[in-house]
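Residue-level listing of the chains:
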Amino acid sequence: MDPSNQKCGRKKTVSFSSMPSEKKISSASDCISFMQAGCELKKVRPNSRIYNRFFTLDPDLQALRWEPSKKDLEKAKLDISAIKEIRLGKNTETFRNNGLADQISEDCALSIIHGENYESLDLVANSADVANIWVSGLRYLVSRSKQPLDLMESSHNTPRFAWLKTVFEAADVDGNGIMLEDTSVELIKKLNPTLKESKIRLKFKEIQKSKEKLTTRVTKEEFCEAFSELCTRPEVYFLLVQISKNKEYLDANDLMLFLEAEQGVTHITEEMCLDIIRRYELSQEGRLKGFLAIDGFTQYLLSPECDIFDPEHKKIVQDMTQPLSHYYINASHNTYLIEDQLRGPADINGYVRALKMSCRSIELDVCDGPDNEPIICNRNNMTSPLAFRNVIEVINKLAFFASEYPLILCLGNHCSVQQQKVVVQHMRRIFGNKLYTETPLSSEAYLPSPEKLKMKIIVKGKKLPCDQDILEGEVTDEDEEAEISRRLSENFSREPKLIWLCRELSDLVSLCKSVQYKDFETSMKAQNYWEMCSFSEAEASRIANEYPEDFVNYNKKFLSRVYPSAMRIDSSNLNPQDFWNCGCQIVAMNYQTPGPMMDLHTGWFLQNGGCGYVLRPSVMRDEVSYFSANTKGIVPGVSPQVLHVKIISGQNFPKPKGACAKGDVIDPYVCIEIHGIPADCTEQRTKTVQQNSDNPIFDESFEFQINLPELAMIRFVVLDDDYIGDEFIGQYTIPLECLQPGYRHIPLRSFVGDIMEHVTLFVHIAITNRSGGGKAQKRSLSVRIGKKAREYTMLRNTGLKTIDDIFKLAVHPLREATDMRENMQNAMVSVKELCGLPPIASLKQCILTLSSRLVSSDNAPSVTLSMKDTFPYLEPLGTVTDVQKKVLAAYDLMIQESRVLIETADITHDKIVQCQKAGMEFHEELHNLGTKEGLKGRKLSKAIESFAWNITVLKCLAGER
């Protein structure tokens, strides 16, 4: 997959913003000026009809008007004083029930809720930025409807303006209130290093031209105006206004609610928020008074604290005491190469690079060298060989530089017996007690854990028979070059070549003895746990397609190594995901070849502290479990999740490498790729933004169902749609499990994998389960599923009556569990809908909105909180409106369903656990029971598979308490 030729399948669209490109929104005043000038919006009616209307805000800011209209001019208006709330998105009954709703972009829709009965005026803007202007401007007006509004005065009294004045005055050494343009440019560049000097100078020229000035000297007001227009990101401004309750700054309480409800941060305190303000607010006044203005808030969102990668996963967070075969292992192919495998010379930097990137399996092809000193070289190019001794000295120095977990040396032995002994001498002398040579215990059934093998170097290679007392002997050589020879020669013999091996080198091999693969039946009967097979890419692909379940079961106990096809003479990379899906632990990658496949590999091993070991999902580890990578849809025993991604904007995109014939402008778009099991793999793309590399606004939302979250990765790719040559701009790949929810900046990487300074993608992330319950600290999606449409997890018939009778006892508890979960989620959906919130809103956001609904016209509470049996009920105080009655009824149902869940979940859970335990008691007897029932061959295998399926389902539900 060549990134220079990447094209997403989605139809190409282009964004033409209806906002004047030369005027960015940087204040409430800008929003209101835009609204007074007016623009066309689509008016959506409940009967599925949509009308184009021109909307304007009155000059006195008291009413919203639209035309044309059949109504009297005085009736085709809405008083600002009548507005209750403004919603962004399709969050009213009109949108939910409109037959054309699917054709309307979520990010372009807005609703104005007005009157005592909470009626809605539902509108669609031509672009997301226009929708944001109307929502921000109207919210600002509604929040200040009881105060006199002087927009020009208020825009000059903001905390930001006060801060900029102090910055200007500090640089104005003469105190004349004016400054040389060069000085002003340097000052803005210092405040915002990402800005180009040419862009700052152009902005000053625009301001001076608009004022018909002849001088190039800059006044304080002009400096503030230029900075505001150049440094305000509209999408961040809209977010600030939204979360600050329509102020132009955040106080500690605003920030606390934002972090809890939006960013998924727990245990946040006011003091922690004040500390954030003190560290990121640029003005001294803001730091003292405890508020965060737009520039400080932008700095905070760009900081490592708001990185998309969950900092918890930068530490070792997985259980490292499982058998070695239960982990994916970061592995390199032909580690000594830094170019292609046909002509590339051996280079010590290949080992340095791999070990510094936490590679835990490296390859050494050792040959006879001059002066009885073994060498490492590319046997297709014998120039510039490396002394074996020098290589292992480097390995010894860097083996545990990036990770303390075991390092596997895959030894390709092409030496004479004499030089094999030199290899052993060097390894024993240089590695010392790091070398793991303990004899495996036949009493054990699995390999030791990474924890037990910390700081150990394990040699993978051929071994002489232990029961023969010989000093040297012949062993088969199934090395990769046999495949190359077979493919290049018509007369190549299929009989494996024999090589001589000395006892000393054989004794270095302990836990990773190389053996040949014949078939799974033979392996499961005869293979020892310390023996491992290497598979060519072609062979592994065939097995993965024909026997996916068997491959997974095999890899529960044994290590598998997969290496790239010999036909990849350019050292291109295989897709590691194809083999991770089957549980293969060691998928060897050509580290020297960047591109999408290496991006997946690098991104995958960022997790678990970047230690080079990643624990496989439990359905791929448990002795009794069922998993097939080729499954269509839901994986038994795994709760599917929904990933919601909103691509908001990009920052400081560079020109694509190699696009030298093109000007400075680019037309970027973003492609979102999901990698995982085949059922999860998909991609979507945004529209193209014309000629904008500094801050292109995309504002597009996407949803992806993920059936096996633990194996899923998301790759964000930024591409240039109008290109000459290379279209790749940057990418970032991250495991789904490592995503942080909320508003996040993604640091983009170059084609070779380096982080590009100041080049980011601004996104919003929410991860939820399919039926509505979000993971801990993740926001939740709610999808209303009626009883008739519910998918109940089905248990399979094994054909063994004794066992099937036990599993039948679990059918009712399984249905009960599903009903409790879905009823709870449906109750939450109703509350969210009545609160006008999107499905991904958190429960905290629901309660906050709910509280604003349950007040009377004079702001007195219309309900009281009453605790009954430890459950919080709401009781009306006097008469309540019809709208409030609906909200109270929905809240009451949510509490009732919560009560049912809490009071009966343990009983249902215990029933499921009992069935699982009763079933497991027959695990060892399955073959005997099958024989008694007359099952054999394929029928017996099917019975065992169905048993594993049922146990997997029960185990999963037993774990979901």
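Residues numbered from 1 in each chain as written. Predicted model: local features only at pLDDT ≥ 70, side-chain atom pairs only at ≥ 80, totals over all residues. Heavy atoms only, no water.

Novice: Mind showing me how you'd approach the overall build of the chain here?
Specialist: Within the chain, the regular secondary structure consists of 28 helices and 36 strands. Pairs at least 24 residues apart make up 69% of the contacts formed inside the chain by residues separated by at least 6 positions. When the accessible surface of the chain is totalled, it reaches about 42,700 Å², and 51% of it is carbon and sulfur. (Helix = DSSP H or I, 4+ residues; strand = E, 2+ residues; numbered from the N terminus. Contact = heavy atoms within 4.5 Å. Areas by Shrake-Rupley, 256 points an atom, 1.4 Å probe, with all protein chains shown as cover.)

Novice: Just checking my understanding: could you explain helix α8 (residues 220–231) for this structure?
Specialist: Residues that lie three or four places apart on an α-helix share one face, since the helix turns once every 3.6 residues. Compared with the 16 Å implied by 1.5 Å per residue over twelve residues, the 16 Å span of α8 between its first and last C-alpha is a close match. Along α8, ten of the twelve residues are buried, which leaves the element largely enclosed by surrounding structure. Turning to α8, its buried residues are Lys 220, Glu 222, Phe 223, Cys 224, Ala 226, Phe 227, Ser 228, Glu 229, Leu 230 and Cys 231. Against α5 (159–171), α6 (181–191), α7 (197–210), β10 (218–219) and α13 (294–302) lie the buried residues of α8. (Expected span 1.5 Å × (residues − 1). Buried < 20%, exposed > 50% of the residue type's maximum accessible area, 1.4 Å probe, protein only.)

Novice: What's the story with the environment of Ser 625 in this structure? I'm lost.
Specialist: Along the polypeptide, Ser 625 turns up in the loop between β25 (613–615) and β26 (641–651). Sequence separation between Ser 625 and Asn 950 is 325 residues; the distance between their C-alpha atoms is 8.3 Å. Setting aside chain neighbours within four positions, we find Ser 625 in contact with Asn 553, Lys 556, Ser 618, Val 619, Ala 948 and Thr 952. A polar contact of 3.0 Å, which involves the side chain of Ser 625, links it to the backbone oxygen of Val 619. A distance of 2.9 Å separates a polar atom in the side chain of Ser 625 from the backbone oxygen of Asp 622. (Polar contact = N/O pair within 3.5 Å; in protein donor to acceptor, adjacent residues only side chain to side chain.)

Novice: Teacher, can you tell me more about the sheet that holds strand β7 (residues 109–114) here?
Specialist: Sheet strands line up and pair through hydrogen bonds in the backbone, either parallel or antiparallel. Reading across the sheet, the seven strands line up as β5-β4-β3-β2-β8-β7-β6 and stay open at both edges, with antiparallel pairing between neighbours. At either margin of the open sheet sits one strand with a lone partner, and together these are β5 (77–79) and β6 (83–88). On average, adjacent strands in this sheet sit at an angle of 30° to one another, irrespective of strand direction. Where strand β4 (residues 63–67) lies against β5, three bridges are found, and the strand directions are antiparallel. Bridging across to β5, Leu 64 finds its partner in Leu 78. Here helix α1 (residues 28–37) sits on the sheet and contacts β2 (39–44) and β3 (50–57); the angle it forms with β3, its principal contact strand, is near 120°. (Pairing = 2+ DSSP bridges. Axes fitted to C-alpha atoms, helices over the stretch in contact; angles between N-to-C directions.)

Novice: What is the right way to read the confidence of the model for the chain from this model?
Specialist: Predicted coordinates in areas of low pLDDT are best not read in detail. Confidence along the chain averages 85 in pLDDT terms, with 89% of residues attaining 70 or more. Predicted confidence for residues 10–22 stays below pLDDT 50, and this span has 32 contacts to residues more than four positions away or in other chains. (pLDDT = per-residue confidence, 0-100.)

Novice: Could you clarify how one ought to interpret the packing of aromatic side chains in this entry?
Specialist: Any aromatic ring pair is given by two values, namely how distant the centres are and how the planes are angled relative to each other. Taken as a whole and judged by the stated rule, the model has 25 aromatic pairs. Taken together, a centroid distance of 6.1 Å and an interplanar angle of 55° make the contact between Tyr 328 and Trp 580 tilted. Of this pair, Tyr 328 sits in strand β13 (residues 327–332) while Trp 580 sits in helix α22 (residues 576–580), and the two are 252 residues apart along the sequence. Given a relative accessible area of 0%, Tyr 328 falls into the buried group. Classification of Trp 580 as buried rests on a relative accessible area of 1%. Aromatic rings pair up to connect Tyr 517, Phe 520, Phe 535, Phe 551, Tyr 554 and Phe 558 into one cluster. Positioned over the ring face of Tyr 249 is Lys 247, at 5.7 Å from the centre of the ring. Above the face of the Tyr 626 ring, Arg 796 is positioned so that its terminal group lies 5.4 Å from the ring centre. (Phe/Tyr/Trp six-rings, centres within 6.5 Å; stacked < 30°, edge-to-face > 60°. Lys NZ or Arg CZ within 6 Å of the ring centre and 35° of its normal.)

Novice: How should I be thinking about the pairing of β26 in this particular structure?
Specialist: Moving residue by residue along a regular strand, the side chains alternate between the two faces of the sheet. Burial analysis of β26 places eleven of its eleven residues in the buried class, the great majority of the element. Looking at chain direction, β26 and strand β30 (residues 697–706) are connected through eight bridges and run antiparallel. Counterpart to Ser 649 in the pairing with β30 is Ile 697.

Novice: In this structure, what is going on with the pairing of strand β31 (residues 713–720)? I would like to understand it.
Specialist: The buried fraction of β31 amounts to eight of the eight residues, a majority that puts the element mostly inside the structure. Both faces of β31 are covered, namely the face carrying Met 713, Arg 715, Val 717 and Leu 719 and the face carrying Ile 714, Phe 716, Val 718 and Asp 720. Across eight bridges, strand β27 (residues 668–675) lies against β31 in antiparallel orientation. Opposite Tyr 669, over in β31, you have Leu 719 as the bridge partner. Here β31 runs beside strand β32 (residues 728–735); their pairing, made up of seven bridges, is antiparallel. The residue bridging Val 718 from the neighbouring strand is Gly 730, located in β32.

Novice: Can you help me understand the environment of Ala 293 in this one?
Specialist: Assignment of secondary structure puts Ala 293 in strand β12 (residues 291–293). If sequence neighbours within four positions are ignored, Ala 293 has contacts with Pro 159, Glu 248, Tyr 249 and Glu 281.

Novice: Just checking my understanding: could you explain the pattern of salt bridges for this structure?
Specialist: Opposite charge on two side chains permits them to pair, given that their charged atoms come into close proximity. Taken as a whole, this structure holds 48 salt bridges when the rule is applied. Between Lys 687 and Glu 700 there is a salt bridge; the shortest N-O distance is 3.9 Å. Here Glu 700 lies in strand β30 and Lys 687 lies in the loop between β28 (682–685) and β29 (688–689), a separation of 13 residues in the sequence. One exposure class covers both Lys 687 and Glu 700, and it is buried. Where Arg 821 meets Glu 822, a salt bridge forms, and the shortest distance between an N and an O atom there is 3.9 Å. Given a relative accessible area of 5%, Glu 822 falls into the buried group. (Salt bridge = Lys/Arg side-chain N within 4 Å of Asp/Glu carboxyl O.)

Novice: Mind showing me how you'd approach the packing of helix α9 (residues 234–243) against α13 here?
Specialist: Angle between the axes and distance between the axes are the two parameters that describe a pair of packed helices. The N-to-C vectors of α9 and α13 enclose an angle of 105°; their axes lie 10 Å apart at closest approach. Classed by the angle they form, the pair α9 and α13 counts as roughly perpendicular. Contact residues: α9 offers Val 236, Tyr 237, Leu 239, Leu 240 and Ile 243, while α13 offers Ile 294, Phe 297, Thr 298 and Leu 301. Each residue belonging to the contact of α9 with α13 can be placed in one class, and the counts come to eight nonpolar, one polar and no charged. (Parallel < 35°, antiparallel > 145°, perpendicular 65-115°, else oblique. Nonpolar A, V, L, I, M, F, W, Y, C, P; charged D, E, K, R; others polar.)

Novice: Would you take a moment to explain the environment of Ser 449 for this structure?
Specialist: Checked against the element boundaries, Ser 449 lands in the loop between α16 (417–431) and β18 (457–461). For the pair Ser 449 and Ser 325, spaced 124 residues apart in sequence, the C-alpha to C-alpha distance is 8.5 Å. Excluding residues within four positions of it along the chain, Ser 449 makes contact with Met 320, Thr 321, Gln 322, Pro 323 and Leu 324. A polar contact is formed between the side chain of Ser 449 and the backbone nitrogen of Lys 452, at a distance of 3.1 Å.

Novice: What should I look at first to understand α9 in this one?
Specialist: Counted residue by residue, α9 has nine buried out of ten residues, so it is predominantly covered. Among the residues of α9, Pro 234, Glu 235, Val 236, Tyr 237, Phe 238, Leu 239, Leu 240, Val 241 and Ile 243 are the ones counted as buried. Backbone geometry just after α9 places Lys 245 at a positive phi near 60°.

Novice: Please clarify how the nonpolar core should be interpreted in this entry.
Specialist: Soluble, globular proteins show a tendency: their nonpolar side chains are buried together. Counting residues in hydrophobic clusters, the biggest one holds 78 residues, and the most contacted among them are Leu 364, Ile 395 and Met 427. In terms of residue count, the dominant contributor to this core is α16 (six residues). Every residue in contact with Met 427, bar those within four places of it in the chain, is listed here: Phe 388, Ile 392, Leu 409, Gly 432, Leu 435, Val 459 and Leu 508. Residues Ala 28, Leu 123, Met 256 and Ile 268 belong to the second largest nonpolar core, which totals 58 residues. (Core = buried A, V, L, I, M, F, W, Y, C linked by side-chain atoms within 4.5 Å.)

Novice: Please clarify how unusual backbone geometry should be interpreted in this entry.
Specialist: Apart from glycine, the bulk of residues carry a negative phi angle, and the bulk of peptide bonds sit in the trans form. Residue Glu 67 is joined to Pro 68 through a cis peptide bond whose omega torsion reads -5°. Considering the arrangement of structural elements, one finds Pro 68 in the loop between β4 and β5. Backbone geometry places Asp 371, a non-glycine residue, at a positive phi of 60°. Tracing the sequence through the fold places Asp 371 in the loop between β14 (361–367) and β15 (375–378).

Novice: Please explain the side chain of Arg 360 as it appears in this structure.
Specialist: By the element assignment, Arg 360 lies in the loop between α14 (349–356) and β14. Glu 404 provides the closest opposite charge to the buried, salt-bridge-free Arg 360, at an N-O distance of 9.6 Å. Within the structure, Arg 360 has its side chain in polar contact with the backbone oxygen of Ala 399 (distance 2.6 Å). (Lys, Arg positive; Asp, Glu negative; His and termini not counted.)

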